[in-house]
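# Geometric and topological summary
Given next are the chains, with one letter for each unit.
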Number of protein chains: 2
Amino acid sequence: MEVLKRLDEFEKFLNQRAKMVDAALDFYLPRENDYPGKIHQAMRYSTLAGGKRLRPVMVMESAKLFGLPFEKVLPTACGIEMIHTYSLIHDDLPVMDNDDFRRGKPTCHRVFGDAVALLAGDALLTHAFSVIARNSDIDGISPLAVIDVIKRVSKDAGSNGMVGGQTVDIESTGVSIDKETLLYIDRHKTGCMICASLWSGARLAEAPAQDLKVMDDYGEKIGLIFQIVDDILDINGDEKLLGKPTGSDVKNHKNTFPSVLGFQESLEMVEKLSQEAKDLVSRFDNNEFFIQLVDFLQSRSY
Amino acid sequence: MEVLKRLDEFEKFLNQRAKMVDAALDFYLPRENDYPGKIHQAMRYSTLAGGKRLRPVMVMESAKLFGLPFEKVLPTACGIEMIHTYSLIHDDLPVMDNDDFRRGKPTCHRVFGDAVALLAGDALLTHAFSVIARNSDIDGISPLAVIDVIKRVSKDAGSNGMVGGQTVDIESTGVSIDKETLLYIDRHKTGCMICASLWSGARLAEAPAQDLKVMDDYGEKIGLIFQIVDDILDINGDEKLLGKPTGSDVKNHKNTFPSVLGFQESLEMVEKLSQEAKDLVSRFDNNEFFIQLVDFLQSRSY
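Residues numbered from 1 in each chain as written. Chains lettered and ligands numbered in written order. Predicted model: local features only at pLDDT ≥ 70, side-chain atom pairs only at ≥ 80, totals over all residues. Heavy atoms only, no water.

An unreviewed UniProt entry lists chain A under the name Farnesyl diphosphate synthase, with Biomaibacter acetigenes given as the organism. Here chain A is described in UniProt, under the heading Cofactor (unreviewed entry), as follows: "Mg(2+)". The heading Catalytic activity (unreviewed entry) in the UniProt record of chain A holds the text "isopentenyl diphosphate + (2E)-geranyl diphosphate = (2E,6E)-farnesyl diphosphate + diphosphate". (UniProt positions renumbered as here; feature names shortened; annotations may be inferred.)

## Side note on the overall build of chain A
Secondary structure summary: chain A contains 15 helices and 2 strands in total. In terms of overall size, chain A behaves like a compact globule, its C-alpha atoms giving a radius of gyration of 18 Å where 302 residues would be expected to give roughly 19 Å. Principal axes of the C-alpha set define a box for chain A whose edges measure 50 × 50 × 35 Å. When burial is assessed residue by residue, chain A has 61% of its 302 residues classed as buried. Across chain A, the fraction of contacts at a sequence separation of at least 24, relative to all contacts at a separation of at least 6, is 74%. With an accessible surface of roughly 11,800 Å², chain A has 51% of that area assigned to carbon and sulfur atoms. Of the charged side chains in chain A, 35 are positive and 46 negative, and the gap between their average positions amounts to 3 Å. (Helix = DSSP H or I, 4+ residues; strand = E, 2+ residues; numbered from the N terminus. Rg over C-alpha atoms; globule rule 2.2 N^0.38 Å. Buried < 20%, exposed > 50% of the residue type's maximum accessible area, 1.4 Å probe, protein only. Contact = heavy atoms within 4.5 Å. Areas by Shrake-Rupley, 256 points an atom, 1.4 Å probe, with all protein chains shown as cover. Lys, Arg positive; Asp, Glu negative; His and termini not counted. Charge placed at Lys NZ, Arg CZ, Asp CG, Glu CD.)

## Quick notes on helix α15 (residues 288-299) of chain A
All names here are of chain A. Compared with an ideal rise of 1.5 Å per residue, which puts 12 residues at 16 Å, α15 spans 16 Å between its outermost C-alpha atoms and is within 8% of the ideal. For α15, the buried fraction is high: 10 of the 12 residues fall into the buried class. Its buried side turned inward, α15 meets α1 (2-28), α3 (54-65), α9 (179-204), α10 (209-236) and α14 (263-281). (Expected span 1.5 Å × (residues − 1).)

## Describing unusual backbone geometry
In this model, Tyr35(A) is joined to Pro36(A) through a cis peptide bond whose omega is -5°. Topologically, Pro36(A) is positioned in the loop between α1 and α2 (37-47). Positioned with a positive phi, Asn286(B) is a non-glycine residue whose angle comes to about 50°. The exposed category is assigned to Asn286(B), whose relative accessible area is 63%.

## Overview of the nonpolar core
Residues Ile222(A) and Ile222(B) are the most contacted members of the largest nonpolar core, which totals 200 residues. With near-sequence residues (within four places) excluded, Ile222(B) lies in contact with Met58(B), Ile194(B), Leu198(B), Ala277(B), Leu293(B), Val294(B) and Leu297(B). (Core = buried A, V, L, I, M, F, W, Y, C linked by side-chain atoms within 4.5 Å.)

## A closer look at the interface of chain A and chain B
Chain A puts 47 residues into the contact, and the matching count from chain B is 47 residues. With both chains or domains summed, chain A and chain B bury close to 3,800 Å², and 72% of this area falls on carbon and sulfur atoms. Put simply, chain A and chain B have 2 salt bridges between them. Note that Lys151(B) and Asp137(A) form a salt bridge whose closest N and O atoms lie 2.8 Å from each other. For the pair chain A and chain B, the interface holds 8 residue pairs in polar contact (both at pLDDT 80 or more). Of all the elements in the fold, those that place two or more residues in the side of chain A that touches chain B are α2, α4 (74-92), α6 (114-133), α7 (143-157), α8 (162-172) and α9 of chain A. (Buried area = accessible area lost by both parts, 1.4 Å probe. Salt bridge = Lys/Arg side-chain N within 4 Å of Asp/Glu carboxyl O. Polar contact = N/O pair within 3.5 Å; in protein donor to acceptor, adjacent residues only side chain to side chain.)

## Re the packing of helix α3 (residues 54-65) of chain B against helix α9 (residues 179-204) of chain B
Residue and element names in this part refer to chain B. With their axes 6 Å apart at the nearest point, α3 and α9 run at an angle of 30° to one another. On the basis of the axis angle, α3 is roughly parallel to α9. Once α3 is placed against α9, the crossing between them reads as right-handed. In this structure, α3 uses Arg 55, Met 58, Val 59, Ser 62 and Ala 63 to contact α9, whose residues at the interface are Thr 190, Met 193, Ile 194, Ser 197, Leu 198, Gly 201 and Ala 202. Split into classes, the residues belonging to the contact of α3 with α9 amount to 7 nonpolar, 4 polar and 1 charged. (Axes fitted to C-alpha atoms, helices over the stretch in contact; angles between N-to-C directions. Parallel < 35°, antiparallel > 145°, perpendicular 65-115°, else oblique. Left-handed = near helix turned anticlockwise from the far one by under 90°. Nonpolar A, V, L, I, M, F, W, Y, C, P; charged D, E, K, R; others polar.)

## Examining the packing of α3(B) against helix α4 (residues 74-92) of chain B
Residue and element names in this part refer to chain B. Look at α3 against α4: their axes get within 8 Å of each other, and the N-to-C directions meet at 155°. Between α3 and α4, the angle falls in the class roughly antiparallel. Every pair of crossing elements has a handedness; the one defined by α3 and α4 is right-handed. Note on element contacts: α4 touches α3 through Leu 74, Thr 76, Ala 77, Ile 80, Glu 81 and His 84, opposite Arg 55, Pro 56, Val 59 and Met 60. Each residue belonging to the contact of α3 with α4 can be placed in one class, and the counts come to 6 nonpolar, 2 polar and 2 charged.

## Concerning the pattern of salt bridges
All names here are of chain A. Using the criterion set out here, one finds 52 salt bridges over all chains in the structure. The salt bridge involving Asp 26 is made with Arg 31; its shortest N-O contact spans 4.0 Å. With relative accessibility at 35%, the residue Arg 31 sits in the partly exposed group. Measuring nitrogen to oxygen at the nearest pair gives 2.9 Å for the salt bridge that ties Arg 102 to Asp 92.

## Overview of the packing of aromatic side chains
As enumerated under the stated definition, the model contains 21 aromatic pairs over all chains in all. Consider the rings of Tyr45(A) and Phe112(A), whose centres lie 5.6 Å apart with planes at 70°: the pair is edge-to-face. One end of the pair, Tyr45(A), is in helix α2; the other, Phe112(A), is in helix α5 (residues 108-112), and 67 residues separate them in sequence. By relative accessible area, which is 18% here, Tyr45(A) ends up buried. Ring geometry for Phe10(B) versus Phe289(B): centroids 5.4 Å apart, planes at 45°, classification tilted. (Phe/Tyr/Trp six-rings, centres within 6.5 Å; stacked < 30°, edge-to-face > 60°.)

## Quick word on the environment of Asp8(A)
Residue and element names in this part refer to chain A. Looking at the secondary structure, you find Asp 8 in helix α1. A residue is classified by how much of its surface remains accessible, and Asp 8, at 42% relative accessible area, is partly exposed. Along the primary structure Asp 8 and Phe 296 are separated by 288 residues, whereas in three dimensions their C-alpha atoms are 9.1 Å apart.

Set out below in structure tokens:
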């Protein structure tokens, strides 16, 4: 009961932070009536469609952990969420997963057509770097830290990061793969941008190199927890709560943790990773957020 | 005869610079055998397919005009060429123009499939910002100048720049448009990245604000010259020299300068813009490149 109450409060806290991110995204996105309207409507439609905003909140909390007020990293937090949104728009296109629903709403290409959805994704990815660069306008943020963040985010979003994971994911669709390949896909497709979020917040707060490494390692653990739980939810989750149809992995012949490792091993892996993630951040004071985040991610699978 | 000889030498100079850009692109692109190989092969296939490398050479020459050795801006020059290449890959996709040839070779999606081509475009755009950010590693380049360049390039590549132009271009395909809309499309689809190239080289060389403005204005003129001549060549150019089939604008029901304004007015516009562009850079010493570039771009229509 105590744990459930704590998780309930944590979720309220997350929602509160997510609202702040929503407001900042609204501010940093181009206006809907800016010419040409259609592309800006598409960018806003997909970015402001809700979502837990986990990545931006991770940027903010990681900055706070190292003594920087979280408001100071809002541009980077928003830029990373725009990159996440672009990846979802392109992932949903007919040429990729051909999904019709996302976050409880028709996907971007279902509303705006395939060509505008493609361009809206391109524009969001491009705009993201503009918004991250604007973090240097904020008092107390060093330009070199912003450049480091741009280097890191572009590496983790690119062909050796998120896009690399998507490439292997597509190549493996409908093909039987081993655990190693599955881990590559998920570490890259989901994990890299989670690591980049945690690293970026800490870097903007001028955290020392060894602490940046700890946040990276923590990110890798929770990225995997997140993906394993997501795979499990796609099998036995509640469509209404998820905002998208379940069973899409099976429908799309996707390899998942339950399909490659089985349910039992997947759940044991979540358990083990959760403990390791908590151990990593135990060295920091004021680490409550990062401990509770692990419990929260793990709890989604119950 | 004198002019032709001068143009011939200018073209040799351009080719020489292009080779330098090719070598730098080869260096800054991920290796072909980096895992996952397919995405890196696709990125390299399209980026290293040749081309005049006008945008990167503009970055380099603009830096030189303001006293900075052109080698120092090679990362930014390459990043801008990667953005140009990604835009071509996505533009050629079946969901957009559905073109089969580019620079004399089958288009990216014809070789690697639609999904990998989409991802290769995404990865190139992402990698571009990483490479531009690396310009800050070069001795004598200020981090703030690099951040300004990232802000500028992302603005000009995004929904208020190149992608905005592509959006209106698609919406206008097969529809009769006025001169104002045509100018919007071409100023954004082609012009913005040319302006960004000239501006970025000058900014990295710490050129004063009024000179940055001059390079911007010059860029807008030559961007239009470039596009008008391109439209003319698509009607009466030589397929072998162009490396792509002519007549694709008519086939794709694209609005072009000749179709909206007529041949005569299009040629007169090139003439007028050429004079204005030369007048703009006449205030600078060592402006030969920028004067000859105008003659070169204009001469392609003969």
